[in-house]
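# Results of the structural survey
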Amino acid sequence: MDKVREDVLKKWTPEEVERVAGVPPEQMKRVAEMFAKNRPSSIIWCMGQTQHTIGNAMVRASCILQLALGNIGVSGGGANIYRGHDNVQGATDVGPNPDSLPGYYGIAPGSFAHWARVWNVDLKWLQGRYAPGMMSKAGITVSRWIDGVMEKNENIDQESNLRGVVYWGHAPNSQSRGLEMKKAMDKLDLLVVVDPYPSATAAMAAMPGEPADLNKNRDVYLLPAATQFETSGSVTASNRSIQWREKVINPLFEAKPDQTIMYLLAEKLGFADQLVGKRDGKQNIQVANGEPVIEDILRELNRGTWTIGYSGQSPERLKAHMRNLHVFDVKTLRAKGGVDKETGYKLDGDYFGLPWPCWGNAALKHPGTPNLYNTHLHVMDGGGNFRANFGVERDGENLLAEDGSHSKGADITTGYPEFDHVFLKKLGWWDELTDEEKKEAEGKNWKTDLSGGIIRVVMKNHGCYPFGNAKARAVVWNFPDGVPQHREPLYGIRADLVDKYPTHDDKRAFWRLPTLFKSVQEKYKDIGKEFPIILTSGRLTEYEGGGEETRSNPWLAELQQDAFVEINPRSANDRGIRNGDYVWVRTPSGARLKVKALVTERVGADHAFIPFHFSGWWQGKDMLPFYPEGAAPIVRGEAVNTATTYGYDSVTMMQETKTTVCQIEKA
Amino acid sequence: MARMKFLCDAERCIECNGCVTACKNENEVPWGVNRRRVVTLNDGVPGERSISVACMHCSDAPCMAVCPVDCFYKTEDGVVLHDKDLCIGCGYCFYACPFGAPQFPQAGAFGLRGKMDKCTFCAGGPEKDSTAEEFKKYGSNRLAMGKLPACAEMCSTKALLGGDGDVIADIYRARVFKRGKGSEVWGWGTAYGKPPQGQPAQGGKT
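Residues numbered from 1 in each chain as written. Chains lettered and ligands numbered in written order. Predicted model: local features only at pLDDT ≥ 70, side-chain atom pairs only at ≥ 80, totals over all residues. Heavy atoms only, no water.

## Structural notes on the overall build of chain B
Put simply, the test is: For the purposes of this entry, the term helix denotes a DSSP run of H or I that reaches at least four residues, the term strand denotes a run of E that reaches at least two, and both are numbered from the N terminus. The atom set for the radius of gyration is the C-alpha atoms, and the globule formula is 2.2 Å times the number of residues raised to the power 0.38. Only protein chains enter the area calculation, which uses a 1.4 Å probe; residues under 20% of their type maximum are buried, those over 50% are exposed, and those in between are partly exposed. By definition, residues are in contact when any of their heavy atoms lie within 4.5 Å. All accessible-area figures derive from a Shrake-Rupley calculation using a 1.4 Å probe, and residue coverage is judged against the displayed protein chains alone. Neither His nor the chain termini are counted; the positive set is Lys and Arg, and the negative set is Asp and Glu. To locate a charge, the coordinates of NZ of Lys, CZ of Arg, CG of Asp or CD of Glu are taken.
Within chain B one finds seven helices and six strands. Helices and strands in chain B line up, N terminus first, as β-α-β-β-α-β-β-α-α-α-β-α-α. On C-alpha atoms alone, chain B measures out to a radius of gyration of 17 Å, which is about the 17 Å that the 2.2 N^0.38 rule sets for 206 residues. A principal-axis box enclosing the C-alpha atoms of chain B has dimensions of 50 × 40 × 30 Å. Sorting the 206 residues of chain B into buried and exposed places 46% on the buried side. The contacts in chain B between residues at least 6 apart in sequence include a share of 56% that link residues at least 24 apart. When the accessible surface of chain B is totalled, it reaches about 10600 Å², and 56% of it is carbon and sulfur. Mean positive and mean negative side-chain charge positions of chain B (26 and 23 charges, respectively) differ by 4 Å.

Right, here's the structure in full:
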């Protein structure tokens, strides 16, 4: 933290903040005082911080600010990243990222061994599915699939280019570089869309592109998926609370629940038994009428996801919560008394939805954790501390917590590393395990002990935290910028800032792909002369995500009938543009968007904003003829991401949708 | 007997249009007919405020006063309703209404407008309560089911309150007291009458 303070105080005088960010010193002072004098406070963001080349740095800066203010680990504080859809958190937790198995276990050989045991799948079989050396190598991120298709083969860090893509509940117009995405779609061998709506993907694929790009043997499949109302299951919110959702109606038309589609695919591809963990007379997930039982899927996750405490939220406990909403306090989330009539389960003390971490197995009856890192509570009451995740010492400095810093009532009153069988034996706590637990826990750590015994003894008997007790990490030494740094975007209007705040060097193999930073920035350093307005994008209340589903809903569609660009009165007047006029928005990608002008002071004179929920127009033309008959959304409009430019976060590879440059002309 | 009123708290409205969507869905109101809408003033500049507007079910309703066929009537709860079988679509009510509440489904030749449509406080119309005929002409009759209007029930910030005038006035008064500002309730003077000097507002408790 001292290093961060030193760096920030040296570089960011009020004058420099104003020069770079445009925030006047008085305003900066007012905001700083507001934060300093009103604690706790919470910082909330969505994609505005993350979808930049320096997204990781901005997010860490927010977290560091909250740490410095003492706003972490307290009720009312926190660094809160709101998710755009109702189960993004849950989807992330089960591991869609190309560098991790479920529960953020990573892809090390040990992680595969753990999950093979949980899944009741033969590890050797699993290993046999991978080409040599690829099993523990992070894959290509969704943001870059187009480069996986189009990059020269010798430049990519895997044997072959991508040939097939499956869009499973994902909108193509939420990703940048739309023009190139269309080309990539045409080159594929296989394109599958699994969605309640055919989505913009179907229309984009059907729309004729350049004849030279089209792979004549390409197959496109649309698989209709059930909506949330046509299936049941658990859903995780941004606060890590999990709710159980009941089916309202049976799937309409040919739609099937996601789990059924997965099972049918696995059957065709020859690994249906592995999908449901059927081996040696055991079967993890029962299949009823062709549908894997959703409760069993959660139970399997519970059995394996010890890392983030996704283990105590059994379907039975979650359902009891849903039946007894009234016993939970709306401010603290905590149940005051209450017995579930149907099962006799005692709800008293549980936090609503058992926000993870809900440690150990369901029998441990951990109440869930409404606020992370809260040392004011006992660990069995939802308390905790910072994680020992980065070793115990670095450059002679102790990374663990100092004496006296620990969760309430902990037997160990100083810092400690994460628990495993060796540590437990050293502490003399080993014999508190049952014989059964000892058999399972031998040679394991808290994350891989499937009995949950290590966690039980550590938490219930000794009030300690399974992942250790350490200091929060302000300087992330393994990231490109250990102390978060400002770096100018690849496409900007401030050539004068690029020399002082240059972007990163190009990377040769980053998530298997060459990734450009500095070479793009240098090439387009003076792009602001031709494209003098910064273009950003974001959300509207009326629509969700790519918007295909919500723009098909007449009540919502009526409220936002046209794609638009917010433009400042000064910029509009200079260009002869009036409110409601059609305009062309051009970007360096070569794309042109025909949208309506919304003249407003909400954006500055050097800024413009376009919501990203629209699709169904392509550079001025309606794509209606390319949707399957009767499946086009009521409202169609230009997708801003048809025109967004190259640029990826230097750690996460998140696409840069929040900053590019444009010019706007009256249409 | 309760006196039903709407109240929109401009300090709380976030222009999410949840009320509009709830109304559309509850009553299956066709495209282009807006029983309720959110109006934003000073959009995009500091001081921006939004309010949700629909028929306020006025105490002395101008629409009732001007209707040439006398199609309006007031329920025991103070809700202003109308009979579409009598309505001739003349549009007088639209000119009389200070809130722009009356809506017309058509804009045909010779000024043809079709039968007037407006917010019913989710109380249906003259047909028998909760029948298919009533729903087709007027939408849902939630009051008959013991429920309050869908718009206010759906409001995520509880900016829009709908219900017994005494109860919602008390809720609002407590808010004003706590935050120390915003005692002006938009539209209440127009809809429910300004209190004479030195006396409490109509319908409010002392």
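The structure having been displayed, the exposition proceeds.
## Considering the nonpolar core
Within soluble globular proteins, side chains that are nonpolar generally end up buried alongside one another. Under the convention used in this document: Among the buried residues, those of types Ala, Val, Leu, Ile, Met, Phe, Trp, Tyr and Cys that are joined through side-chain atoms within 4.5 Å form a nonpolar core.
Ranked by size, the top nonpolar core spans 47 residues in total, and within it B:Phe6, B:Phe72, B:Leu160 and B:Trp188 carry the most contacts. Among the secondary structure elements, those contributing two or more residues to this core are β1 (4-8), α1 (18-27), β3 (49-53), β5 (80-82), α5 (150-154), β6 (160-164), α6 (165-179) and α7 (188-192) of chain B. When sequence neighbours within four positions are dropped, the list of residues in contact with B:Trp188 reads B:Lys5, B:Phe6, B:Leu7, B:Met56, B:Gly165, B:Ile168, B:Ala169 and B:Gly193. Grouped together as the second largest cluster of nonpolar side chains are 36 residues, A:Trp115, A:Trp359, A:Ile455 and A:Val458 included.

## A look at the environment of A:Leu275
Residue and element names in this part refer to chain A. Summarising the element assignment, Leu275 is placed in helix α12 (residues 272-275). Distance from Leu275 to Met262, taken between C-alpha atoms, is 8.5 Å for residues 13 residues apart in sequence. Ignoring anything within four residues of it in the chain, the contact list for Leu275 reads Met262, Tyr263, Ala266 and Ile285.

## Observations concerning the pairing of strand β19 (residues 592-599) of chain A
Residue and element names in this part refer to chain A. To keep it simple, the criterion reads: Following DSSP output, two strands are said to pair if at least two bridges run between them.
Here strand β17 (residues 564-567) runs beside β19; their pairing, made up of four bridges, is parallel. Bridge pairing links Phe564 to Lys596 in β19. Here strand β18 (residues 582-586) pairs with β19 via five bridges, running antiparallel. Each residue of the ladder has a partner; that of Arg586, found in β19, is Arg592. In sequence, β18 turns back onto β19 through a hairpin of five residues, with Gly590 there showing a positive phi of about 95°.

## Concerning a nonpolar patch on the surface
All names here are of chain A. Inclusion rule: Excluding any residue in a salt bridge, patches collect residues exceeding 30% relative accessible area, merging like charges within 9 Å and nonpolar Val, Leu, Ile, Met, Phe, Trp and Tyr side chains within 5 Å. Every case where a carboxyl oxygen of Asp or Glu lies within 4 Å of a side-chain nitrogen of Lys or Arg is listed as a salt bridge.
Among the surface-exposed residues, Phe229, Val248, Ile249, Leu252 and Phe253 lie close enough to one another that they form a single nonpolar patch of about 590 Å² accessible area. Structurally, the position occupied by Ile249 is in the loop between β7 (242-245) and α11 (258-269). Taking the relative accessible area as the measure of exposure, Ile249 reaches 40% and is therefore partly exposed.

## So, the packing of helix α13 (residues 294-304) of chain A against helix α14 (residues 315-323) of chain A
Residues and elements named next belong to chain A. Inclusion rule: Every axis in this analysis is a line fitted to C-alpha atoms, fitted for helices over the stretch in contact. Angles between the N-to-C directions lie between 0 and 180 degrees. Under the grouping applied here, Gly and all other residues not named as nonpolar or charged are polar, the nonpolar ones being Ala, Val, Leu, Ile, Met, Phe, Trp, Tyr, Cys and Pro and the charged ones Asp, Glu, Lys and Arg.
Their axes nearest at 9 Å, the elements α13 and α14 cross at an angle of 115°. Packed against α13, whose contacting residues are Glu295, Leu298, Arg299 and Asn302, the element α14 presents Pro315, Glu316, Leu318 and Lys319 at the interface. Counted by class, the contact of α13 with α14 contains three nonpolar, one polar and four charged residues.

## Focus: the packing of helix α9 (residues 178-187) of chain A against helix α10 (residues 199-206) of chain A
All names here are of chain A. Which entries qualify depends on this criterion: Each angle receives one of four descriptions, namely roughly parallel if under 35 degrees, roughly antiparallel if over 145, roughly perpendicular if within 65 to 115, and oblique otherwise.
Following both chains from N to C, one finds α9 and α10 inclined at 70°, their axes separated by 9 Å at the closest point. One finds that α9 runs roughly perpendicular with respect to α10. Contacts between α9 and α10 pair Gly178, Met181, Lys182, Met185 and Asp186 from the former with Thr201, Met204 and Ala205 from the latter. Each residue belonging to the contact of α9 with α10 can be placed in one class, and the counts come to four nonpolar, two polar and two charged.

## Description of the interface of chain B and chain A
Note: interface size is frequently given as the accessible area lost on complex formation between the parts. Rule in force here: Accessible area that two parts lose when put together, evaluated with a 1.4 Å probe and summed over both, is termed the buried area.
Each partner contributes residues to the interface: chain B has 18 residues there, and chain A has 13 residues. Between chain B and chain A, roughly 1100 Å² of surface is buried when both sides are summed, and carbon and sulfur atoms account for 59% of that area. Joining chain B to chain A, the criterion identifies three salt bridges. Among the salt bridges present, the one from B:Glu48 reaches A:Arg602, with a minimum N-O distance of 3.5 Å.

## Overview of the pattern of salt bridges
All names here are of chain A. The tally for this structure, following the rule as stated, stands at 58 salt bridges over all chains. A salt bridge links Asp189 to Arg163; the shortest N-O distance between them is 3.0 Å. Taken as a pair, Asp189 in the loop between α9 and β4 (190-195) and Arg163 in the loop between α8 (145-150) and β3 (164-168) lie far apart in primary sequence, 26 residues in all. Residue classification places Asp189 among the partly exposed positions, given a relative accessible area of 32%.

## Remarks on the sheet that holds β3(A)
Strand pairing in a sheet relies on backbone hydrogen bonds. The paired strands run either parallel or antiparallel. Residues and elements named next belong to chain A. Pairing is parallel in the open sheet, where three strands are placed in the order β3-β4-β5. Whereas interior strands pair on both sides, the edge strands pair on one side only; in this sheet they are β3 and β5 (219-224). Averaged over all adjacent pairs, the angle separating strand axes in this sheet is 10°, with direction ignored. Sheet strands touched by α10: β3, β4 and β5. Its angle to β4, the strand with the most contacts, is close to 150°.

## Some words on the packing of aromatic side chains
Residue and element names in this part refer to chain A. Basically, it comes down to this: Two aromatic rings from Phe, Tyr or Trp, using only the six-membered ring of Trp, form a pair when their centres are within 6.5 Å; if the ring planes differ by under 30 degrees the pair is stacked, by over 60 it is edge-to-face, and anything between is tilted.
In the structure shown here, the tally under the stated rule is 25 aromatic pairs over all chains. Their ring planes at 35° and their centres at 4.8 Å tell us that Tyr373 and Phe386 sit as a pair that is tilted. One end of the pair, Tyr373, is in the loop between α14 and β12 (393-394); the other, Phe386, is in the loop between α14 and β12, with 13 residues separating them in the sequence. Here Tyr373 falls in the partly exposed class, since its relative accessible area comes to 33%. Under the relative-accessibility criterion, Phe386 is labelled partly exposed at 23%.

## Overview of the sheet that holds β17(A)
Spatial strand order, β16-β20-β17-β19-β18-β24 (chain A): six strands in a closed barrel with mixed pairing. On average, each strand axis in the sheet is inclined to that of its neighbour by 45°, with strand direction left out of account.

## Quick notes on the environment of A:Val194
All names here are of chain A. Position of Val194 relative to the elements: it lies in strand β4. For Val194 and Asp93, which are 101 residues apart along the polypeptide, the C-alpha to C-alpha distance reads 20 Å. With near-sequence residues (within four places) excluded, Val194 lies in contact with Val166, Tyr167, Trp168, Gly169, Leu223, Ala225, Asp258 and Ile261.

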